[in-house]
Amino acid sequence: MAAAVTCEAEAAPGGMGGAGSLLPREALREYQELTFLSKQEILLAYKRFSELLPKEQRENACSLRVPKSRILTLPELRANPFQHRICRVFSTSEEGDDSMSFEDFLDMLSVFSDSATSDIKSHYAFRIFDFDDDGTLDRKDLEKLVNCLTGQGEEASLSNAEMEQLIQNILEESDIDKDGTINLSEFQHVVSRSPDFASSFKIVL
Amino acid sequence: MSGFGAAGELPGWGPDGPSGRGEIFFPEEAHAAAPADFLQELPSYRSVLRRRAGPGGGQDPQGSVGPRAGEARGPQPEGAELAARPLREHALSIAEKRRLRDYQQADIKYLSGWNQWKRTSSKSWKKVLKDIKESLSYLQLWRHDIHSIEGKFGTGIQSYFSFLRFLVLLNFLIFILMFGFVTLPTVISKYGIFNSSFAKISPKSTDSVCTVYTPSGNKGLVYFFTYLKDLLTGTGFLETTSLFYGYYTIDAALLSIVRYNFPLAYLLTTFAYLALSLVWIIKRSVSGFKQSLVHDEDQFQSYCNKVFAGWDFCITDLNAARLKHRSLQYELQTDLEEERIKRKIADRTVKEKLRIYSLRIFLNIIVLAVLSGCFYSIYRATVFSQEKSNNSNDADLQTNLLVQYLPSIVITLANFIAPQIFSILIRFEDYSPAFEIKLTLLRCVFVRLANIGVLLFSLWSQIHCANDSCKACGYNYELYPCWESAVGQEMYKLLIFDFMIILAVTLFMDFPRMLLVTHCSWKPVQWCGLQEFGISDNVLEIIYGQTICWIGTFFSPLLPAIATIKYFIIFYVKKISLIHTRKPPGRPIRASSSNFFFLVVLLIGLVLAFIPLGISIAHIPSSKACGPFRNFNTSWAVVPDTILGFPTGLQKVLNGIASEAFAVPFFMVVCLIMFYFIALAGAHKRVVEQLREQLVMESRDKLFLIRKITEAQKCT
């Protein structure tokens, strides 16, 4: 049943774009349907993705995986304290090396785009913040999250007492069933009431 | 790995848990491992992970905990409802969505023809809408500039520039309105284009002395700087152009066969632009409002908002990222400290409270004194300026300009000095930091907007005369034969001066300071550093300008065009100033609370603009020498006049609506509806509270049962 159209099909030049935009029209349409990105955004993403590959491999950019170190050189990700988590969450690589294919890259941009629903955004935000991948945000996850926010370095992190107070306040506000952890529904509930979330959880190329 | 961690950390467990209620269960370390396995097999946990991904698409995103064997993989009757949700709203990777889509397409064959057609047509309709939205978004003004500012400085400062863009568009629309309905018919009929003409009905039953109006206009060959002075003050040749009210002295325009009721059009366009501004501002501010009505918490100050939505993912610059880290750290530490201060405040003794309250009352009296000082100086300056300019001869350009601009200068000085005094005073009042900021802002807003009100009030005191000399026309016809143009000129001067000050401050204060800091390594200079980009100051500046524009458009219909050009240029000036000469604010600004704050203050400005306009239109007699309302007592009088021309049935209906017999029952019905909604909201709040308590109980029951099960397992 998998009538998937992949990029290895006829490499007809797709839509608008300069040299090297060899994304076939079928694939373009499919990606438009499966993600929140517009045609221009997909083409721009393709261009940026193929620039991450060495020259000789740019022809079949769709089927290759880019190693994590190259992905992290993107300006949109290099200043981001959650860069490693983002690569981990969106990568579908079986080897666990967090390399990203073009479709993973599109997935990421789709979730972070302007038109993504807040449901999707909060779902992926939860996965990004879940540092130990156990399905809930417990105290250790929250501690790591706050340390990511305040930056690296000794003088940048909060003192132990402040961290305790902060985590206590966060749990008070968001932990509805008072089990000491925040699960996905609680997270989505508290984020839906957060007015800044939609505007800050956004990456536009 | 488990959600419990160390045994002692469970809130709510143990007699001294934070919930305060004594529990008789003690967590035991032996259970730390077992409950986790159970928890991960609970149906609620697994369904939350997959989030209704639908049949066949449900790969467990957490990896390989538990088999997938339990899921049914065949077509299910609820496949139809699941497919109604667009594919991309499923939280799956592209490969999985592809599989889901293929599955749904196979599923379609089982549906009837009607359902098939319905689904395909809704899909194509959604696609068309999406394409339209996409193409519209590319027409947005300054899209690229604002995006680059966002990348470098974060969403807080970006919200200021989006606000500026909003004002440019608003002013442009207001200009189109006024131009289309007021200026264009006048110009067409005055120049006889399209076979049109205008009707000037002779004034009835007023003294002829009121109708004498001779603006100086174009005096032929004069010195160049007279033109410059006229351009800057709106007098002379500018007074007779379509910029000011005095030009529109026609009573009706006859465009081929249509009789265009010009006075009515002028008044209705004024109401229309005010209504347009009100509706648009409210529409923009509604989204920041919705959630706070159901829950009591202050949503902008909540820790969850700061932590989960704290990082701007759109920051691309490493320096900006560093600054953002620092400001986030600062913000979190300040908030935690504020909480500690609040707890301390609650512990104050009565004697301390008395002392602080008496200090606050004293300081508020000082604030009131400062305000009265500002108002009085504006009043005197306006009176002086008006008297001098009415008695003047074009002697000296500089002193004449200075006298003309005196009110604007005094207002700008007051707007600059008063906030400094307020920020010094508030330190002694011993409020919590967040409240301090709010109160200072409120006071600054009040000063800026009230200054305009005082200016207008002093103008009217000049136009109205105390003695009987103006009984003939109701206003001071000797000095102000066309008083609306005079008010329009004052607003015009305020606008121009405001614009010049913004340019001058950027040119003569920001750039030299930046050059000094970059090239001079003297310690005090480096310690001063660059000026911060103070968002609230900048916003108050442009809201002040916008309020002037709203008030002034009635008296000077082309003022919105000037305001549009002014804000357009200010965008680029501020952008360049921000990038080169300013540093980002130390205290982080949140986009959502900024947006809300901007729009609330703008709304206050709009409401404050209603008051002078309402008084001018309805209360003060319109000038009999110029303008479309010559033949009416006040500008408002044209409306009852028009209603008298309607058929009697319609007249009766309109009279009925305006009478008390309708208003009182209407008011009572509105009150009843309001009480109903308040009661409904209260009931919902109570239900929410009960459900929360129930959830806590359920969670405890669940953990208790799990512990019992593992105990029972151990025994067997």
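Residues numbered from 1 in each chain as written. Chains lettered and ligands numbered in written order. Predicted model: local features only at pLDDT ≥ 70, side-chain atom pairs only at ≥ 80, totals over all residues. Heavy atoms only, no water.

Colleague: Kindly report on the overall build of chain A, identifying the contributing residues and their values.
Modeller: Each helix and strand counted, chain A has eleven helices and two strands in total. When its helices and strands are written in sequence order, chain A yields α-α-β-α-α-α-β-α-α-α-α-α-α. When the 205 residues of chain A are sorted by exposure, 59% land in the buried category. A fraction of 52% describes how many contacts in chain A between residues 6 or more apart in sequence connect residues 24 or more apart. Approximately 8,300 Å² of chain A is accessible, and the part contributed by carbon and sulfur atoms is 51%. (Helix = DSSP H or I, 4+ residues; strand = E, 2+ residues; numbered from the N terminus. Buried < 20%, exposed > 50% of the residue type's maximum accessible area, 1.4 Å probe, protein only. Contact = heavy atoms within 4.5 Å. Areas by Shrake-Rupley, 256 points an atom, 1.4 Å probe, with all protein chains shown as cover.)

Colleague: Give me the interface of chain A and chain B: which residues, what numbers.
Modeller: The figure often quoted for interface size is the accessible area lost as the parts come together. On the chain B side, the residues contacting the 89 residues of chain A number 74 residues. Counting each side, the surface lost to burial between chain A and chain B is near 7,000 Å², with a carbon and sulfur contribution of 56%. Counting the surface chain A buries against chain B, the share from its top three residues, Leu 34, Leu 149 and Arg 193 of chain A, is 10%. Between chain A and chain B we count six salt bridges in total. Among the salt bridges present, the one from Arg 98 of chain B reaches Glu 103 of chain A, with a minimum N-O distance of 2.5 Å. On inspection of chain A and its partner chain B, the count reaches 19 residue pairs in polar contact (both at pLDDT 80 or more). The residue inventory of the side of chain A that touches chain B, partitioned by class, reads 41 nonpolar, 25 polar and 23 charged. (Buried area = accessible area lost by both parts, 1.4 Å probe. Salt bridge = Lys/Arg side-chain N within 4 Å of Asp/Glu carboxyl O. Polar contact = N/O pair within 3.5 Å; in protein donor to acceptor, adjacent residues only side chain to side chain. Nonpolar A, V, L, I, M, F, W, Y, C, P; charged D, E, K, R; others polar.)

Colleague: Run through unusual backbone geometry, naming residues and quoting values.
Modeller: Here Lys 178 of chain A, not a glycine, exhibits a phi torsion of approximately 55 degrees, which is positive. By the secondary structure assignment, Lys 178 of chain A is in the loop between helix H9 (160-174) and helix H10 (184-192). Lys 178 of chain A sits in the partly exposed class, given a relative accessible area of 40%. Phi is positive for Trp 142 of chain B, close to 60 degrees, though the residue is something other than glycine. Structurally, Trp 142 of chain B can be placed in the loop between helix H5 (113-137) and helix H6 (143-153).

Colleague: Lay out the confidence of the model for chain A in plain terms, naming residues and giving numbers.
Modeller: All names here are of chain A. Across chain A, the average pLDDT comes to 82, with 90% of residues at 70 or higher. By mean pLDDT, helix H11 (residues 197-200) is the weakest element of chain A at 84, and helix H7 (residues 118-129) is the strongest at 92. Note on residues 1-6: pLDDT is under 50 here. Beyond four places in sequence and across chains, it has ten contacts. Note on residues 8-20: pLDDT is under 50 here. Beyond four places in sequence and across chains, it has 17 contacts. (pLDDT = per-residue confidence, 0-100.)

Colleague: Could you give an account of the UniProt feature "transmembrane region" (unreviewed entry) in chain B, naming the residues involved and the relevant values?
Modeller: Residue and element names in this part refer to chain B. Here the UniProt-annotated "transmembrane region" (unreviewed entry) positions come out as residues 166-188, 264-282, 361-382, 402-428, 491-509, 596-620 and 662-683. Strand forms 0% of residues 402-428 and helix 89%; the C-alpha atoms that close the span are 38 Å apart. As annotated, residues 662-683 comprises 100% helix and 0% strand, and the C-alpha atoms at either end are separated by 32 Å. (UniProt positions renumbered as here; feature names shortened; annotations may be inferred.)

Colleague: Explain the nonpolar core to me, and be specific about the residues and the numbers.
Modeller: Counting residues in each nonpolar core, the largest one holds 115 residues, and the members touching the most others are Phe 161, Phe 163, Trp 483, Trp 550 and Phe 554 of chain B. With 13 residues, helix H7 (residues 155-190) of chain B is the largest single contributor of residues to this core. (Core = buried A, V, L, I, M, F, W, Y, C linked by side-chain atoms within 4.5 Å.)

Colleague: Can you lay out the pattern of salt bridges for me, pointing to particular residues and giving the numbers?
Modeller: Using the criterion set out here, one finds 27 salt bridges over all chains in the structure. The closest approach of N and O atoms between Arg 65 of chain A and Asp 104 of chain A, which form a salt bridge, is 2.8 Å. Highlighted residues: Arg 65 of chain A in strand E1 (residues 65-66) and Asp 104 of chain A in helix H6 (residues 102-111), separated in sequence by 39 residues. On the basis of relative accessible area, Arg 65 of chain A is assigned to the partly exposed category, the value being 33%. The exposure class of Asp 104 of chain A is buried, given its relative accessible area of 2%. Within the structure, one salt-bridge network assembled from shared partners comprises Glu 30, Glu 33 and Glu 103 of chain A together with Arg 98, Arg 101 and Asp 102 of chain B.

Colleague: Describe the environment of Arg 85 of chain B, and please don't skip the residues or the numbers.
Modeller: Residues and elements named next belong to chain B. Here Arg 85 shows up in the loop between helix H3 (79-84) and helix H4 (94-108). For Arg 85, a relative accessible area of 18% puts it in the buried group. The spatial distance from the C-alpha of Arg 85 to the C-alpha of Arg 360 is 58 Å, given a sequence separation of 275 residues.

Colleague: So, the environment of Lys 144 of chain A: which residues are in play, and what are the values?
Modeller: Structurally, Lys 144 of chain A can be placed in helix H8 (residues 139-150). Separated by 14 residues in the primary sequence, Lys 144 of chain A and Asp 130 of chain A have C-alpha atoms spaced 9.4 Å apart.

Colleague: Please set out the state of the cysteines residue by residue, giving values where relevant.
Modeller: Residue and element names in this part refer to chain B. Enumeration according to the criterion identifies one disulfide over all chains in this entry. Covalent S-S linkage joins Cys 482 and Cys 626, the inter-sulfur distance amounting to 1.8 Å. One disulfide, between Cys 482 and Cys 626, carries an S-S torsion of 90 degrees and so falls in the right-handed class. In this pair, Cys 482 is assigned in the loop between helix H14 (433-463) and helix H15 (483-519) and Cys 626 in the loop between helix H19 (591-618) and helix H20 (638-644), connecting sequence segments 144 residues apart. (Disulfide = S-S within 2.5 Å.)

Colleague: Describe helix H2 (residues 39-52) of chain A, naming the residues involved and giving the relevant values.
Modeller: Residues and elements named next belong to chain A. With 14 residues, H2 should cover 20 Å at 1.5 Å per step; its first-to-last C-alpha distance of 20 Å lies within 8% of that length. Taken together, the buried positions of H2 are occupied by Ile 42, Leu 43, Ala 45, Tyr 46, Arg 48, Phe 49, Ser 50 and Leu 52. Contact partners of the buried residues in H2: helix H1 (25-34), E1, helix H3 (68-71), helix H4 (75-78), strand E2 (100-101) and H6. (Expected span 1.5 Å × (residues − 1).)

Colleague: Can you explain the packing of aromatic side chains? Please cite residues and give values.
Modeller: According to the stated counting rule, one finds 44 aromatic pairs over all chains in the structure shown. Ring centres of Phe 90 of chain A and Phe 112 of chain A lie 6.2 Å apart, and the angle between their planes is 50 degrees; this geometry places the pair in the tilted category. Here Phe 112 of chain A lies in the loop between H6 and H7 and Phe 90 of chain A lies in helix H5 (residues 83-90), a separation of 22 residues in the sequence. Of the two residues, Phe 90 of chain A and Phe 112 of chain A, neither departs from the other in class, the shared state being buried. Members of the aromatic cluster, connected to one another through ring pairs, are Phe 82, Phe 90, Phe 112, Tyr 124, Phe 126, Phe 129, Phe 187, Phe 197 and Phe 201 of chain A together with Phe 308 and Phe 313 of chain B. Geometry around Tyr 247 of chain B places Lys 190 of chain B over its ring, the cationic atom sitting 4.1 Å from the centre. Over the ring of Phe 166 of chain B we find Arg 284 of chain B, and its NZ or CZ is 4.4 Å from the ring centre. (Phe/Tyr/Trp six-rings, centres within 6.5 Å; stacked < 30°, edge-to-face > 60°. Lys NZ or Arg CZ within 6 Å of the ring centre and 35° of its normal.)

Colleague: Go over the packing of H9 of chain A against helix H11 (residues 318-346) of chain B with me, naming the residues and quoting the values.
Modeller: Where H9 of chain A contacts H11 of chain B, the two axes come as close as 10 Å, and the packing angle between them is 80 degrees. Relative to H11 of chain B, the element H9 of chain A lies roughly perpendicular. Where H9 of chain A approaches H11 of chain B, its residues Glu 162, Gln 165, Leu 166 and Asn 169 of chain A are matched on the opposing element by Leu 332, Gln 333, Leu 336, Glu 339, Arg 340 and Arg 343 of chain B. For the contact of H9 of chain A with H11 of chain B, the per-class residue count stands at three nonpolar, three polar and four charged. (Axes fitted to C-alpha atoms, helices over the stretch in contact; angles between N-to-C directions. Parallel < 35°, antiparallel > 145°, perpendicular 65-115°, else oblique.)

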